[in-house]
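Summary of the model geometry
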Amino acid sequence: MDLRNTVVQNLENPACPLCGADDILAKRYDLKPFGAVQCAHCRLWYLKPRLKEADMLKLYADGSYFKSDDESGYSSYGAQQQSLKLTFRRVLQQLHKQGYTGGRFLEVGCGYGYLLKEAEPYFSYRVGTDYSDAAIEHASRACDRAIQGGVDDIPPGETFDTIVTVGVIEHIYSPLEFNAKLRARLVDGGKLIHATPDIGSFWRHIMGTRWASFKVPEHVTYYDKNSLTRLFTQGG
C-alpha cells in the first residue's frame, strides 16, 4: 500500500506535536509531498504537512506493511529477524545490568515479537501490542499475550514493571498523550523506555534527505537527546 502519493486532501499541517507552537525555523527538508521542519520553540523536528492519522492507522493494520514493495512499510521485516534478535539481546543485557528487568513486561508496537521472545529470560510475563493482524499472529508465538491494537486496547487496570517501545515514538501523532497513557500503565517505580533514531546524529547531517529515518509518511516526529528529554520531563 503506497501512501507517498496521497492526494492533497488527505494531508494536514499540524502545529508542533510536543509544545503546540506553530512557528518553525527556516531550515527544512523537502520530502515531497511532505516536509520535515523544526519547531522554533522546543526544537522538535516533525513532519509538516503529514498524512492524517486515520489513514496511517489503516496502513499499520494492513498485513502488507511488514512485507511491502512500496516505500512505506518494510520490504521484508522477517528478513531482519537475526539482526534484530542480536540487537535486542544486547539491549536486554544492558537493561538487566541497570536493574530494569524482572516482573511484567509490555512492548507497544511489537511487530513479529522478536524483542518479546528475547525478553523471556528476564521477565515473568510478556505482553505485546500491534495494529497488524499479521504481526500479532507471529508475536503470539513469542510471548504470553499479544493484543491487536494500541495502548487503549490493553484491559483496564493491567499494569507493568517495564514498558518498552522500539522504533515507535517517531510514529506517534500526540506524543505527550501517548506517554501519559503508558505512564498510567506502570507500577510505582516502573520504567518506560523509548528507542528511536537520533536526528542529532552525524548521519542526518551527512545524508540530508537521504537519512534513512526520514521515512515518510509514517515517521512524523524526529527526536534528539534534548527533545526526547523534554518529552519525558514535560509529561512529568
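This text follows the structure it describes.
First, a word on what this report is: a plain description of the structure on this page.

This part takes up the pairing of strand S7 (residues 125–130). Counting buried residues in S7 gives 5 out of 6 residues, a clear majority hidden from the surface. Summarising the sheet, S7 and strand S8 (residues 145–148) pair through 4 bridges and their orientation is parallel. Across the sheet, Asp 130 pairs through a bridge with Gln 148, a residue of S8. One crossover worth recording links S7 to the parallel S8 by way of helix H4 (residues 133–139), and it is right-handed.

Ranked by size, the top nonpolar core spans 26 residues in total, and within it Cys 16, Leu 44, Leu 106, Val 108, Ile 163, Phe 178 and Leu 182 carry the most contacts. Looking at this core, the elements that each hand over two or more residues are strand S3 (34–39), strand S6 (104–108), strand S9 (160–166), helix H5 (175–183), strand S10 (186–195) and helix H7 (225–234). By size, the runner-up hydrophobic cluster in this structure holds 18 residues, among which are Tyr 29, Phe 34, Leu 51 and Val 220.

A contiguous nonpolar patch, built from Phe 202, Trp 203 and Ile 206 and spanning about 370 Å² of accessible area, is present on the exposed surface. Mapped onto the fold, Trp 203 is located in helix H6 (residues 202–207).

Before going further, it helps to examine unusual backbone geometry. The peptide bond linking Lys 48 to Pro 49 adopts the cis configuration, its omega dihedral lying at 0°. Mapped onto the elements of the fold, Pro 49 is located in the loop between strand S4 (45–47) and strand S5 (50–51). A cis amide bond, omega 10°, links Val 216 with the succeeding residue Pro 217. One can find Pro 217 in the loop between H6 and strand S11 (221–222). Of note, the phi angle at Arg 43 is positive, near 70°, even though the residue is not glycine. Structurally, Arg 43 can be placed in the loop between S3 and S4. The class for Arg 43 is partly exposed, based on a relative accessible area of 40%.

Take the sheet that holds S9 next. The parallel open sheet is built from 5 strands, whose spatial order is S8-S7-S6-S9-S10. Of all strands in the sheet, those bounded by a partner on one side alone are S8 and S10. Pairwise comparison of adjacent strand axes, ignoring direction, gives a mean angle of 15° for this sheet. Looking at chain direction, S6 and S9 are connected through 3 bridges and run parallel. Bridge pairing in S9 places Phe 105 opposite Thr 162.

When two helices pack together, you describe them by how their axes are tilted relative to each other and by the distance separating the axes. Closest axis-to-axis distance for the H5/H7 pair is 9 Å, and the angle between their directions is 55°. Judged by the inter-axis angle, H5 sits oblique to H7. Judged by the twist between their axes, the crossing of H5 over H7 is right-handed. Together, Pro 175, Leu 176 and Asn 179 of H5 and Leu 231, Phe 232 and Gln 234 of H7 make up the contact between the two elements. Residue composition of the contact of H5 with H7, by class: 4 nonpolar, 2 polar and no charged.

Quick notes on the rules
Residues numbered from 1 in each chain as written. Predicted model: local features only at pLDDT ≥ 70, side-chain atom pairs only at ≥ 80, totals over all residues. Heavy atoms only, no water. Buried < 20%, exposed > 50% of the residue type's maximum accessible area, 1.4 Å probe, protein only. Helix = DSSP H or I, 4+ residues; strand = E, 2+ residues; numbered from the N terminus. Pairing = 2+ DSSP bridges. Right-handed = clockwise from strand over helix to strand, strands pointing away. Core = buried A, V, L, I, M, F, W, Y, C linked by side-chain atoms within 4.5 Å. Patch = residues over 30% accessible without salt bridge, like charges linked within 9 Å, V, L, I, M, F, W, Y side chains within 5 Å. Areas by Shrake-Rupley, 256 points an atom, 1.4 Å probe, with all protein chains shown as cover. Salt bridge = Lys/Arg side-chain N within 4 Å of Asp/Glu carboxyl O. Axes fitted to C-alpha atoms, helices over the stretch in contact; angles between N-to-C directions. Parallel < 35°, antiparallel > 145°, perpendicular 65-115°, else oblique. Left-handed = near helix turned anticlockwise from the far one by under 90°. Contact = heavy atoms within 4.5 Å. Nonpolar A, V, L, I, M, F, W, Y, C, P; charged D, E, K, R; others polar.

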